[in-house]
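Fold and geometry: a report
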Amino acid sequence: MPPMLENLKTYLSDYVSKRVPGFLSLLNVICTTRYGKDCLSLFFESPSRLYLVFLAYYRGDALSADYAFTIAVLSPIALLARDPGLAGKLLELVKLGRDPDFLDVLTKLSDP
């Protein structure tokens, strides 16, 4: 993973851990069991798989999964990018399974 994406990963970890203590630990248990990697590593490899973890956790309730996924991982990215509409665009890419396009957006955001 490029160093700038590593920085983004650290930022997300800090952001979520400070606002929802224990949530990443819970997600890590689920992601490690299902995919053999922690949730943020999974996010930077296959964000649509992490979304499926949220969807399963919320028992198929897409509205709840969308909300939680947006608040936990997409909004912090949009905040960092200073683009309030970015979270919605990223959510659409994730739900459509367009991981390469999603990761391309993150890479472009991470470029200095």
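You'll find the structure just up there.
Computed from a prediction, not measured in an experiment: that's the story for all the values here.

Considerations on the layout of surface pockets
- Counted as a void, the largest pocket has a volume near 160 Å³.
- Lining the largest pocket, in full, are Met-4, Asn-7, Leu-8, Tyr-11, Ile-77, Leu-80, Ala-81, Leu-106, Leu-109 and Ser-110.
- Of all the secondary-structure elements, those providing two or more residues to the lining of the largest pocket are helix H1 (3-19), helix H5 (62-81) and helix H7 (99-110).
- At four residues, H1 tops the list of elements feeding residues into the lining of the largest pocket.

Brief notes about the nonpolar core
- Counting residues in hydrophobic clusters, the biggest one holds 36 residues, and the most contacted among them are Phe-43, Leu-50, Phe-54, Phe-69, Leu-74, Phe-102 and Leu-106.
- If you list the elements that add at least two residues to this core, you get H1, helix H2 (23-35), helix H3 (39-45), helix H4 (47-57), H5, helix H6 (86-95) and H7.
- Ranked by the residues each element gives to this core, the list is headed by H5, at eight residues.
- Leave out the neighbours within four places in its chain, and Leu-74 touches Phe-43, Phe-69, Ala-87, Leu-90, Leu-91 and Phe-102.

Some words on the side chain of Asp-66
- Examined against the element boundaries, Asp-66 turns out to sit in helix H5.
- A distance of 2.5 Å separates the side chain of Asp-66 from the side chain of Tyr-51, its partner in a polar contact.
- Excluding residues within four positions of it along the chain, Asp-66 makes contact with Tyr-51, Leu-91 and Lys-95.

A short note on the environment of Ala-87
- Tracing the chain through its elements places Ala-87 in helix H6.
- Sequence separation between Ala-87 and Ile-77 is ten residues; the distance between their C-alpha atoms is 7.4 Å.
- Once you skip the residues sitting within four places of it in the chain, Ala-87 turns out to touch Thr-70, Leu-74, Ser-75 and Ala-78.

Regarding the packing of aromatic side chains
- Under the criterion given, the structure shown has eight aromatic pairs.
- Ring centres of Tyr-57 and Tyr-58 lie 5.0 Å apart, and the angle between their planes is 90 degrees; this geometry places the pair in the edge-to-face category.
- By relative accessible area, which is 40% here, Tyr-57 ends up partly exposed.
- Exposure remark for Tyr-58: the relative accessible area of 28% places this residue in the partly exposed category.
- Ring-pair connections join several aromatic residues into one group, and the members of that group are Phe-23, Phe-43, Phe-44, Tyr-51, Phe-54, Phe-69 and Phe-102.
- Residue placement shows Arg-19 over the ring face of Tyr-15; its charged tip is 3.8 Å from the ring centre.

What counts and how
- Residues numbered from 1 in each chain as written.
- Predicted model: local features only at pLDDT ≥ 70, side-chain atom pairs only at ≥ 80, totals over all residues.
- Heavy atoms only, no water.
- 1 Å grid on protein atoms, 1.4 Å probe; cavity = no way out; pocket = protein on both sides within 12 Å on 5 of 7 lines; lining within 4 Å.
- Points joined across faces, edges and corners; volume = space filled by probe spheres on them.
- Helix = DSSP H or I, 4+ residues; strand = E, 2+ residues; numbered from the N terminus.
- Core = buried A, V, L, I, M, F, W, Y, C linked by side-chain atoms within 4.5 Å.
- Buried < 20%, exposed > 50% of the residue type's maximum accessible area, 1.4 Å probe, protein only.
- Contact = heavy atoms within 4.5 Å.
- Polar contact = N/O pair within 3.5 Å; in protein donor to acceptor, adjacent residues only side chain to side chain.
- Phe/Tyr/Trp six-rings, centres within 6.5 Å; stacked < 30°, edge-to-face > 60°.
- Lys NZ or Arg CZ within 6 Å of the ring centre and 35° of its normal.

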